[in-house]
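Breakdown of the fold
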Protein chains: 2
Amino acid sequence: MNPIIETILNHRSIRKFEDQPLTKEQIHTIVACASSASTSSNIQAYSIIGVTDNEKKRQLAELAGNQSYVEDNGHFLVFCADLHRHEISLEMESAEGVESLESTEKFMVALIDAALASQNAAIAAESMGLGICYIGGIRNHLDKVSEILKVPKRVIPLFGMAIGYPSSNSYKKPRLPLAHIYHEEEYEQDVEKFKSELQAYNKELSQYYLERTNGKRQDTWTDQMARMLESPKRMYMKEFIQKKGYDIR
Amino acid sequence: MNPIIETILNHRSIRKFEDQPLTKEQIHTIVACASSASTSSNIQAYSIIGVTDNEKKRQLAELAGNQSYVEDNGHFLVFCADLHRHEISLEMESAEGVESLESTEKFMVALIDAALASQNAAIAAESMGLGICYIGGIRNHLDKVSEILKVPKRVIPLFGMAIGYPSSNSYKKPRLPLAHIYHEEEYEQDVEKFKSELQAYNKELSQYYLERTNGKRQDTWTDQMARMLESPKRMYMKEFIQKKGYDIR
């Protein structure tokens, strides 16, 4: 196993950081790595906003559901879907392309581009001995987050990333069985096999929680997912992203 | 610079591979790395389908716009947004959650999850001396791709990834200036600075093409983007993903 594979397999989210800001050089390296990720036809439909201002971080932490690690970390990045520079390109070239910009296809491209870049950033940070945690919580209030970050139309903050020197260890949570995630030649057609894989994972995850809570936490994955899905969340999203000029056609 | 950063910064798409299939162990490692990526609240809303069957690969290559490297490679992966197992979880737990499953928010989560996993796979493969190329072209005909891969409702093939031993070198294309991708504290408000960064990139990319085509290729980035956006592409997408149970509410 090479050290890169080792770093990747060793990933766990870090939610407590030392009070030590990243250096400019570290941030530069992380951003350079992000920008080296693949991008659909070189469209580069994303931007990254780095936040160090304490008051801004405090506000973002609150909006993300009072997650202290959004405020207390070595650096905080926000990854955005971004077709703003493409709209400016159209203007610079006196071309028409709003129909494309507003298509569901381009929305997907921008999301995928931003996520590829962010995962490069995550691995780069981890390779430097830093820890990271993705923050989907900023999607709780994208209107306010967008105001704080002053993003123009056609820019949507997707998720944050807290980065810093880990000040506490965390466990690596077991994931779905690889045979369940990975299908050969075609998607699994045997529903019973599919369900029994989920049941096996339920047992494994349940055991993981029992051991880490001295027998207090009892839930399984399918139960967690059912509870999560029973309460629809962020149902303003469709309207919001369409207002921002995405996913309309 | 550590070897992980070096691997990440050295990325370029590879479109010509040796005729040597990946071993089962290599595939297993790549998938394990994919599944170690961060995932929103452990939702794991993606699947990977590995295709080795020659006839299937030939069909996918044709659907992707006659891209030979979809057929000729060491292994071919398709990354899918997947809420099928979540629908089964609801059934297993006798819970109601269709409104959540069909929300734009969960569509975004599934896309981001799949992309994070895929970028881990990409870096893992590159760390093993393999090359990769993302294949967005499978989105040209998602109905037919879905048939070939026999994916159920709530599963959307997003992109492919050709992997293999590189048989030819390729260049690293310059990307947008880091200052243009990366914003400090808030999004860039100075439109003139923003435009002049795009113009600087136009010059750099133009020079790159001129050098690599003996002066034949002349275009710039804003011109490429304008040409691309002038012809709306894959405009069936919105209807397709909604038919598949995504992005409805």
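The rules behind the values
- Residues numbered from 1 in each chain as written.
- Chains lettered and ligands numbered in written order.
- Predicted model: local features only at pLDDT ≥ 70, side-chain atom pairs only at ≥ 80, totals over all residues.
- Heavy atoms only, no water.
- UniProt positions renumbered as here; feature names shortened; annotations may be inferred.
- Helix = DSSP H or I, 4+ residues; strand = E, 2+ residues; numbered from the N terminus.
- Phe/Tyr/Trp six-rings, centres within 6.5 Å; stacked < 30°, edge-to-face > 60°.
- Buried < 20%, exposed > 50% of the residue type's maximum accessible area, 1.4 Å probe, protein only.
- Lys NZ or Arg CZ within 6 Å of the ring centre and 35° of its normal.
- Pairing = 2+ DSSP bridges.
- Axes fitted to C-alpha atoms, helices over the stretch in contact; angles between N-to-C directions.
- 1 Å grid on protein atoms, 1.4 Å probe; cavity = no way out; pocket = protein on both sides within 12 Å on 5 of 7 lines; lining within 4 Å.
- Points joined across faces, edges and corners; volume = space filled by probe spheres on them.
- Nonpolar A, V, L, I, M, F, W, Y, C, P; charged D, E, K, R; others polar.

Per an unreviewed UniProt entry, the recorded name for chain A is Oxygen-insensitive NADPH nitroreductase, and the organism is Bacillus salitolerans. Here is the UniProt Sequence similarities (unreviewed entry) comment for chain A, exactly as written: "Belongs to the flavin oxidoreductase frp family."

This part covers the UniProt feature "coiled-coil region" (unreviewed entry) in chain A. UniProt feature "coiled-coil region" (unreviewed entry): in the numbering of this structure it lies at residues 184-211 of chain A. Annotated as 75% helix and 4% strand, the span residues 184-211 of chain A places its first and last C-alpha atoms 34 Å apart.

Scanning the model with the defined rule gives 15 aromatic pairs over all chains in all. With a centroid separation of 6.0 Å and 40 degrees between ring planes, the pair formed by tyrosine 187 of chain B and phenylalanine 194 of chain B is classed as tilted. Residues tyrosine 187 of chain B and phenylalanine 194 of chain B agree in their burial class; the two are buried. An aromatic cluster is present here, built from Phe107 and Tyr246 of chain A together with Phe107 and Tyr246 of chain B joined pairwise through their rings. Over the ring of tyrosine 171 of chain A we find arginine 212 of chain A; its NZ or CZ atom is 4.2 Å from the centre of that ring. If you follow arginine 217 of chain A out to its NZ or CZ, it ends over the ring of tyrosine 209 of chain A, 3.7 Å from the centre.

Take the UniProt feature "domain: Nitroreductase" (unreviewed entry) in chain A next. Under the present numbering, the feature "domain: Nitroreductase" (unreviewed entry) in UniProt falls on residues 8-165 of chain A. Between the end C-alpha atoms of residues 8-165 of chain A there is a gap of 17 Å, over a span that is 46% helix and 18% strand.

This next bit is on the sheet that holds strand S5 (residues 182-184) of chain B. To summarise the sheet geometry, strands pair through backbone hydrogen bonds and adopt either a parallel or an antiparallel arrangement. Pairing within the open sheet is mixed, and its 5 strands lie in the order S3(A)-S4(A)-S2(A)-S1(A)-S5(B). Pairing within the sheet leaves two strands with one partner each, and these edge strands are strand S3 (131-135) of chain A together with S5 of chain B. Strand-to-strand twist of the sheet, defined as the mean angle between neighbouring strand axes without regard to direction, takes the value 25 degrees. For strand S2 (residues 75-82) of chain A and strand S4 (residues 155-164) of chain A, the ladder comprises 8 bridges, and the chain directions are antiparallel. In the strand pairing of S4 of chain A, leucine 77 of chain A is matched with methionine 161 of chain A.

To continue, consider the layout of surface pockets. Computed from the structure, the largest pocket encloses a volume of approximately 1100 Å³. Around the largest pocket, the lining comprises 46 residues; the ones closest to its centre are Arg15 of chain A together with Thr39, Ser40, Ser41 and Asn42 of chain B. The set of elements that each furnish at least two residues to the lining of the largest pocket consists of S3, helix H10 (191-212) and helix H11 (221-230) of chain A together with helix H7 (104-127) of chain B. Among the elements that line the lining of the largest pocket, the one with the most residues is H7 of chain B, at 6 residues. Of the residues contributing to the lining of the largest pocket, the split by class is 15 nonpolar, 17 polar and 14 charged. Within this model, the second largest pocket holds a volume of roughly 830 Å³. Lining the second largest pocket we find 35 residues, and of these Thr39, Ser40, Ser41 and Asn42 of chain A together with Arg15 of chain B sit closest to its centre. Secondary-structure elements contributing two or more residues to the lining of the second largest pocket are helix H7 (104-127) of chain A together with strand S3 (131-135) of chain B.

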